[in-house]
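Overview (structure and organization)
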Amino acid sequence: LTDFDNPLIVSEGFDPWRISKRKKLHSYSGNSNIFDIFSEESFSPYDIFYIDWYDCGADIRANAEVLKEVIRWVNQNKASSNKNIVLGQSMGGLIARYALRDMELDGESHDTKLFISHDVPYKGANVSPGLMYLYRDLYDMTDNIIGNLYSSFGGNKDVFNELRYSGSCTSVKQMLPNYVSPTWTYDNSIFNLFQEELASMGFPKGDPGYPIENVAIINGGNAPSGSPSLFSSGDKLVDIYLKVSSG
C-alpha cells in the first residue's frame, strides 16, 4: 500500500472482547462509534489507518510504541507532503497523545497537523466504585459459580474469562482513579504515576515550525450548559460538545 496521500490514523479505544487465547469474540475490527457519529462522506477524502490493538490491556506506553511504528510507516510511504491527522478514541487518545508527544521529546518528526481527542479520559475514566466492587466479586467467584452463570450467555464462558482479564490489566489500572485491588482496597498508585508522567509531558505541540492543532470532542448529551473546560487554557485544546442520540 503506497498509493495513499491523505492519511487519517485512528487509534481505537479499550476493546476487551478477546479471550486469553487472543481470539476475537466479535467479527469486526475495533469497538468504536466514531463512524456512527460522522457520516461516511466525512471520511471520503482520507486514507484511513485504523489501529486495532492486539492487546488493549497492555501498558498504554507499550501500545504508544506500536502507534509510533504506524506513524513512521505512514510517513515513509505516503505519496504526498500532506500532513497526518490522528484521531484517538477513549484510551486510544491517551495512546496517541503519549506517542505524539514522546516523538516530539525525542526530536522525531510525526508530521501531524491535527490531533483529535474523542471522549478521552485524560483525568481518569469515570467508573463507579460500586461497579468495581461488583467486578471484584465476580472475579473471585469459583469456576462452578461462573459455569452456572455463563449458560445464560449461550454457553460462552469466554465472556467471563475476558472480564476477569480486562479488570486486572495494566491499561485499566492506568485509567481508573478508583481501582479496586484483589485485597478489596482502593489502589490508585499506577493511575497516579501515569497521571504524573502525562502531566510532565504535556500535550503534543507539533514538529518544529509546524504547530499541531489539538481538538477535543466529547459526547455532550449530558454536559450541563456552561460546564468548565476539560483542559486548562494553556493546553490550547478546544471542547466541542456533540449532542449524540443514545437511541
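Up top is the structure these notes are about.
Bear in mind the structure is a predicted one, so any value in this text is a computation, not a measurement.

Our focus in this paragraph is the overall build of the protein. Regarding its fold elements, the protein presents 9 helices and 8 strands. Of the contacts formed within the protein by residues at least 6 apart in sequence, a portion of 73% connects residues at least 24 apart. When the accessible surface of the protein is summed, it comes to about 12,900 Å², and 52% of that surface belongs to carbon and sulfur atoms.

Once that is clear, we can look at the pattern of salt bridges. Per the stated rule, a full pass over the model turns up 9 salt bridges. A salt bridge links K68 to D102; its shortest N-O distance comes to 2.6 Å. Of this pair, K68 sits in helix 3 (residues 60–77) while D102 is found in helix 4 (residues 91–105), placing the two residues 34 residues apart along the sequence. Its relative accessible area of 3% is what places K68 among the buried residues.

With that settled, the discussion passes to unusual backbone geometry. Residue S90 is not a glycine yet carries a positive backbone phi of 50°. With respect to the helices, strands and loops of the structure, S90 is situated in the loop between strand 3 (84–89) and helix 4. With relative accessibility at 25%, the residue S90 sits in the partly exposed group. Non-glycine residue W184 carries a positive phi angle of around 65°. Here W184 shows up in the loop between helix 8 (170–175) and helix 9 (189–201). Classification of W184 by relative accessible area gives partly exposed; the value is 35%.

Moving on: the environment of A199. Summarising the element assignment, A199 is placed in helix 9. The exposure class of A199 is exposed, given its relative accessible area of 62%.

Let's shift gears to the nonpolar core. Ranked by internal contacts, the top residues of the largest apolar core, which has 30 residues, are I9, L67 and L94. For this core, the secondary structure elements donating two or more residues are strand 2 (47–51), helix 3, helix 4 and helix 9. The element best represented in this core is helix 4, accounting for 8 residues. Beyond its immediate sequence surroundings of up to four residues, I9 is in contact with F49, I51, L67, V70, I71, V74, N84, I85, V86 and L87.

A few words now on helix 9. Counted at 1.5 Å a residue, the expected span for helix 9 with its 13 residues is 18 Å, and the 19 Å between its end C-alpha atoms agrees. Considered for burial, the residues of helix 9 that qualify are F191, F194, Q195, L198 and M201. Down the axis of helix 9, the sector holding all buried residues measures 125°, keeping them to one side. Helix 9 presents L193, E196, A199 and S200 as exposed residues on the side facing more than 90 degrees away from its buried surface. On its buried side, helix 9 packs onto helix 3, helix 4 and helix 8. A positive backbone phi angle near 80° is found at G202, which sits one or two residues after helix 9.

This next bit is on helix 3. The first and last C-alpha atoms of helix 3 sit 26 Å apart over 18 residues, in line with the 26 Å expected at 1.5 Å per residue. Buried residues of helix 3: I60, N63, A64, L67, K68, V70, I71 and V74, and no others. Buried residues of helix 3, seen end-on, are gathered within an arc of 165° and therefore sit on one face of the element. Looking at the buried side of helix 3, the elements it contacts are strand 1 (7–11), strand 2, strand 3, helix 4, helix 8 and helix 9.

This next bit is on the environment of C56. With respect to the helices and strands, C56 occurs in the loop between strand 2 and helix 3. When its relative accessible area of 3% is taken as the criterion, C56 is described as buried. C-alpha of C56 to C-alpha of F14: the two residues are 42 residues apart in sequence and 5.6 Å apart in space.

Cut-offs applied
- Residues numbered from 1 in each chain as written.
- Predicted model: local features only at pLDDT ≥ 70, side-chain atom pairs only at ≥ 80, totals over all residues.
- Heavy atoms only, no water.
- Helix = DSSP H or I, 4+ residues; strand = E, 2+ residues; numbered from the N terminus.
- Contact = heavy atoms within 4.5 Å.
- Areas by Shrake-Rupley, 256 points an atom, 1.4 Å probe, with all protein chains shown as cover.
- Salt bridge = Lys/Arg side-chain N within 4 Å of Asp/Glu carboxyl O.
- Buried < 20%, exposed > 50% of the residue type's maximum accessible area, 1.4 Å probe, protein only.
- Core = buried A, V, L, I, M, F, W, Y, C linked by side-chain atoms within 4.5 Å.
- Expected span 1.5 Å × (residues − 1).
- Arc of directions from axis to C-beta.

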